[in-house]
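# Coordinate analysis (summary)
Each chain, written out:
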Amino acid sequence: MSPSTPGKHIAVIGAGIIGVCSALSLQREGFRVTLIDQGEPGEGASFGNGAVIGDEAVVPVATPGVLWRVPGMLADPLGPLAIRWSYLPRLTPWLLRFVAASGARRVEEISIALGGLMDGALAAYTPLLAQADAKDMIRRTGWVCVYESEAGFRRYQPMLELQRRRGVALEVLEPEALRQLEPSLAPIFTQAVLYPEVGHSVNSFRMVQVLAGAFQSNGGALHRAAVRGFDTGPEGPRAVQTEAGPLPCDGVVVAAGAWSKPLAADLGAPVPLETERGYHVQFPEPGIAPRLPVYSTERAFVATPLEVGLRCAGTVELGGLQAPPNWARAEALARHARRWFPNLQTEGATRWMGFRPSMPDSLPVIGRSPRFPNVFLAFGHGHSGMILGARTGALVAALAADRDPGLDMTPYRADRF
Ligand SMILES: Cc1cc2nc3c(=O)[nH]c(=O)nc-3n(C[C@H](O)[C@H](O)[C@H](O)COP(=O)(O)OP(=O)(O)OC[C@H]3O[C@@H](n4cnc5c(N)ncnc54)[C@H](O)[C@@H]3O)c2cc1C
């Protein structure tokens, strides 16, 4: 496919932040686009995430020493990073790759590859939000990472160094500076790090919806159906098979988040995709108004002020796509939130669980299928899908139009394992 073939029809599977941004960018490139989802846009992982959109996310999940933390992950079902025993046999191949990605040299390489994606990620939203007349969806307040113990802050030093090597803007704060920055916090933190250039969405779900609305207003088709497979010829897929019948197309983008694995395998790209389940608890009338998101690496969650209340979102549970939620994990988040914010009003709190689409090396898959040139893969964004939605969409559109994406795409290839 190339710019000399505008009007070619591309089917984008998945209307989360990645699929919607890809659809909009492909449309802006001159393609005819159909966005397919089994539900409404934004109802997957993009619905309830921490909504943080920044450039500091250059630290992978697996860092040196993670192997020694695995027994603890199995022992504590409420811990920030937990593994469900019953899922361990199915998880093991992914877990071995996860541990293999945690060596110091590999972490440095992964961090450089993450940095390549983060570069310009926030700015990539500007044209899309301008088209949607929704520039106020992102607020650039910075975010602050807080530490409850000196030991926790010390443990994080190598990661701070990694961020510094990637050129991330950050400032270490003493407790008094933190108190002045965010007076709604209890005086229980020993250190903090401010990342002044980070932004956040005022509502991750509404942001996906307004971008999907802009796509439709510009002539894009939204097709509500589950994708079952493909009608594939020697040159690649000719139609997407949905539960509502076949949808003929010239090309396909797989952006189905944590559910992308079987679709990618059908299209010549078997990948070790897993899900890192995460939880949120949201306080609709919090009675406090933090001016920026507050994050804890020790607890692995963020408290983000949204237009719909204060949302505490995060933690990781490796337990697959089928097991029911463990709501005690959301309650643990609520307990921490009450400790952090003494004046927090908790009436009417709601809870949610979502499925991060996660590769063992914390790098997404972005690129062509190794088998079919008319198939583009855009999933596996793990903890950073909100950050990377617009950036990924722009890369996918450039590849589909046979333009130079301006970035070496080798680290994000599906066949890198
Ligand atoms: C608790 C939590 C906190 C997070 N915090 C942040 C954060 O602060 N910042 C950040 O950048 N990221 C964060 N993330 C990660 C972020 O939410 C994800 O990386 C991102 O939402 C993934 O987007 P996606 O479009 O790939 O997937 P999704 O949003 O899950 O979208 C996939 C879509 O594909 C559809 N689909 C799947 N299979 C099919 C099929 N067969 N047929 C049709 N449709 C299908 C689904 O219905 C769904 O709508 C967080 C995640 C969690 C869980």
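Definitions and cut-offs
- Residues numbered from 1 in each chain as written.
- Predicted model: local features only at pLDDT ≥ 70, side-chain atom pairs only at ≥ 80, totals over all residues.
- Heavy atoms only, no water.
- Near = heavy atom within 4 Å.
- Polar contact = N/O pair within 3.5 Å; in protein donor to acceptor, adjacent residues only side chain to side chain.
- Areas by Shrake-Rupley, 256 points an atom, 1.4 Å probe, with all protein chains shown as cover.
- Helix = DSSP H or I, 4+ residues; strand = E, 2+ residues; numbered from the N terminus.
- Nonpolar A, V, L, I, M, F, W, Y, C, P; charged D, E, K, R; others polar.
- Core = buried A, V, L, I, M, F, W, Y, C linked by side-chain atoms within 4.5 Å.
- Buried < 20%, exposed > 50% of the residue type's maximum accessible area, 1.4 Å probe, protein only.
- Pairing = 2+ DSSP bridges.
- Phe/Tyr/Trp six-rings, centres within 6.5 Å; stacked < 30°, edge-to-face > 60°.
- 1 Å grid on protein atoms, 1.4 Å probe; cavity = no way out; pocket = protein on both sides within 12 Å on 5 of 7 lines; lining within 4 Å.
- Points joined across faces, edges and corners; volume = space filled by probe spheres on them.
- Expected span 1.5 Å × (residues − 1).
- Arc of directions from axis to C-beta.

Every one of the 33 residues lining the ligand counts as a neighbour, but D37, S46, G382, H383 and I387 are closest to it. Take A51: an N or O atom from its main chain is 3.2 Å from an oxygen atom of the ligand. G382 places a main-chain nitrogen or oxygen 2.8 Å from an oxygen atom of the ligand. Surface burial for the ligand is 95%, taken as the share of its 1,000 Å² of free accessible area covered by protein chains. Of all the secondary-structure elements, those providing two or more residues to the shell around the ligand are α1 (17-28), β15 (274-283), β19 (350-358) and α12 (385-400). Examining the composition of the shell around the ligand, we find that four residues originate from one element, β19, more than from any other. Classifying every residue of the shell around the ligand by side-chain character gives 16 nonpolar, 15 polar and two charged.

Take the nonpolar core next. Among the nonpolar cores identified, the biggest contains 74 residues, and L26, Y125, Y195, M207 and L211 are the most heavily contacted of them. With nine residues, the single largest contributor to this core is α12. By size, the runner-up hydrophobic cluster in this structure holds 29 residues, among which are L185, L194, I288 and F341.

To continue, consider the sheet that holds strand β9 (residues 199-201). Ordered in space as β3-β9-β5, the three strands form an open sheet in which the pairing is antiparallel. Looking along the sheet, the strands with just one partner apiece sit at the ends: β3 (52-53) and β5 (138-139).

Following the criterion strictly, the structure yields eleven aromatic pairs and no others. Ring centres 5.6 Å apart and planes at 80° place the aromatic pair F189 and W340 in the edge-to-face group. Remark: W340 occurs in helix α11 (residues 328-340) and F189 occurs in the loop between α8 (175-181) and β8 (191-195); sequence separation between them is 151 residues. The same class applies to F189 and to W340, which are both buried. Centroid distance F301 to W340: 4.6 Å. Interplanar angle 20°. Geometry classified as stacked. Taken as a pair, F301 in strand β17 (residues 301-306) and W340 in helix α11 lie far apart in primary sequence, 39 residues in all. Both residues of the pair, F301 and W340, count as buried.

In this structure, the second largest pocket encloses a volume near 380 Å³. For the lining of the second largest pocket, the element with the most residues is helix α3 (residues 88-100), which contributes four residues. Among the residues forming the lining of the second largest pocket, the class breakdown is ten nonpolar, four polar and four charged.

Looking now at helix α9 (residues 204-217). With 14 residues, α9 extends 20 Å from end C-alpha to end C-alpha; this agrees with the ideal 20 Å at 1.5 Å per step. Within α9, burial applies to S204, M207, V208, L211, A212, A214 and F215. End-on view of α9: buried residues confined to an arc of 155°, all on one side of the axis. The N-terminus of α9 is capped by N203, whose side-chain oxygen sits 3.2 Å from the backbone nitrogen of F205. With its phi angle positive at about 100°, G219 sits one or two positions after the end of α9.

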